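# Remarks on the overall topology
Okay, here's what each chain looks like letter by letter:
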Amino acid sequence: MIVTRFAPSPTGRLHLGSAFSALFAYEAARREDGKFLLRIEDIDPLRCKPEFIDAIFEDLRWLSLDWPEPVRRQAEHMDDYAAALETLRAKGVVYPCFCTRKEIIAEAAEASHAPHLSVHGPDGPVYPGTCRNLSADERAEKLAEGPANWRLAVEKAGALAGPLFWHDRARGKIEANPQDFGDVVIARKDVPTSYHLSVTVDDHLQGITLVTRGEDLLRATDIHRLLQALLGYETPDYHHHPLLKGEDGKRFAKRDQAATLQALRASGKTAEEVRRMAGF
């Protein structure tokens, strides 16, 4: 049975682009008599707000979407991510990073003067690997001083996993090249996870068979495919859809207050009209 999901972060009101993404996943499941799940990705303790969780439920129900309860909230499942992180530690493919953001930007700028170094990846500046080669004693000493971010040693992990591929319904078979991202952070100082780790663990635990999401996350799937291989997870199918854009050609974002579902509802738009505006 096909299982899809819509997984918003409660950092603001849903907008028309959110409606498109939710309806895309919902209709994909409905067409194949499958299951649609709602998940709340609230691992960021500073930006995620309870009132926005309630607003997500309100907006989606207004669009006539329904889903089984209980809704998985990432903030309630940190033990799952900590366990996955421990598995990666046992495989020797993660390491603690003590660099500040300012230090990373400075080192990336310095590396830009060396043409043989990879400086920019799909997510921006590639981490220069400063903490990758610290000795065990140096790491232990720094960890005793306080918590650290944990990074995935992508080259080492890739060598362990071997060649990897994944399938996108709109694009076909895709070769994963996670090394393009450099050593990404997969667990942060304040929470034992990151977007990359939590979404991979959640999709596995929830039995997601088709991940539908915006094409802006297309390349991130390379990292998720590597994590799936390292953690022994099956790989779902994917469909990265185009991003819904406004009349100005720019993608909708939470800062676009005029396009929030709340604002559209207040302006007199019906749910049916908004569904049509989103292409459904």
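Here's what I pulled together on the structure shown here.

Basis of the calculations
Residues numbered from 1 in each chain as written. Predicted model: local features only at pLDDT ≥ 70, side-chain atom pairs only at ≥ 80, totals over all residues. Heavy atoms only, no water. Phe/Tyr/Trp six-rings, centres within 6.5 Å; stacked < 30°, edge-to-face > 60°. Helix = DSSP H or I, 4+ residues; strand = E, 2+ residues; numbered from the N terminus. Buried < 20%, exposed > 50% of the residue type's maximum accessible area, 1.4 Å probe, protein only. Lys NZ or Arg CZ within 6 Å of the ring centre and 35° of its normal. Polar contact = N/O pair within 3.5 Å; in protein donor to acceptor, adjacent residues only side chain to side chain. Contact = heavy atoms within 4.5 Å.

Applying the stated criterion across every chain, the model contains five aromatic pairs. Between Phe20 and Phe24 the ring centres are 6.0 Å apart and the planes differ by 45°, which places this aromatic pair in the tilted class. With Phe20 and Phe24 both in helix α1 (residues 16-31) and four residues apart, this pair spans about one turn of that helix. Both residues of the pair, Phe20 and Phe24, count as buried. A cation over an aromatic ring shows up here: Arg89 above the ring of Trp150, its NZ or CZ 4.2 Å from the ring centre. Positioned above the aromatic ring of Tyr127, the side-chain terminus of Arg151 is 3.8 Å from the ring centre.

As for its placement among the helices and strands, Thr4 is situated in strand β1 (residues 3-6). Looking at Thr4, its side chain comes within polar contact range of the main-chain oxygen of Ala25, at 2.9 Å. With residues up to four places along the chain from it excluded, the contact list for Thr4 reads Ala25, Tyr26, Ala28, Ala29, Lys35, Phe36, Leu37, Ile208 and Leu210.

Now for unusual backbone geometry. A cis amide bond, omega 0°, links Glu69 with the succeeding residue Pro70. Tracing the sequence through the fold places Pro70 in the loop between α2 (50-62) and β3 (72-73).

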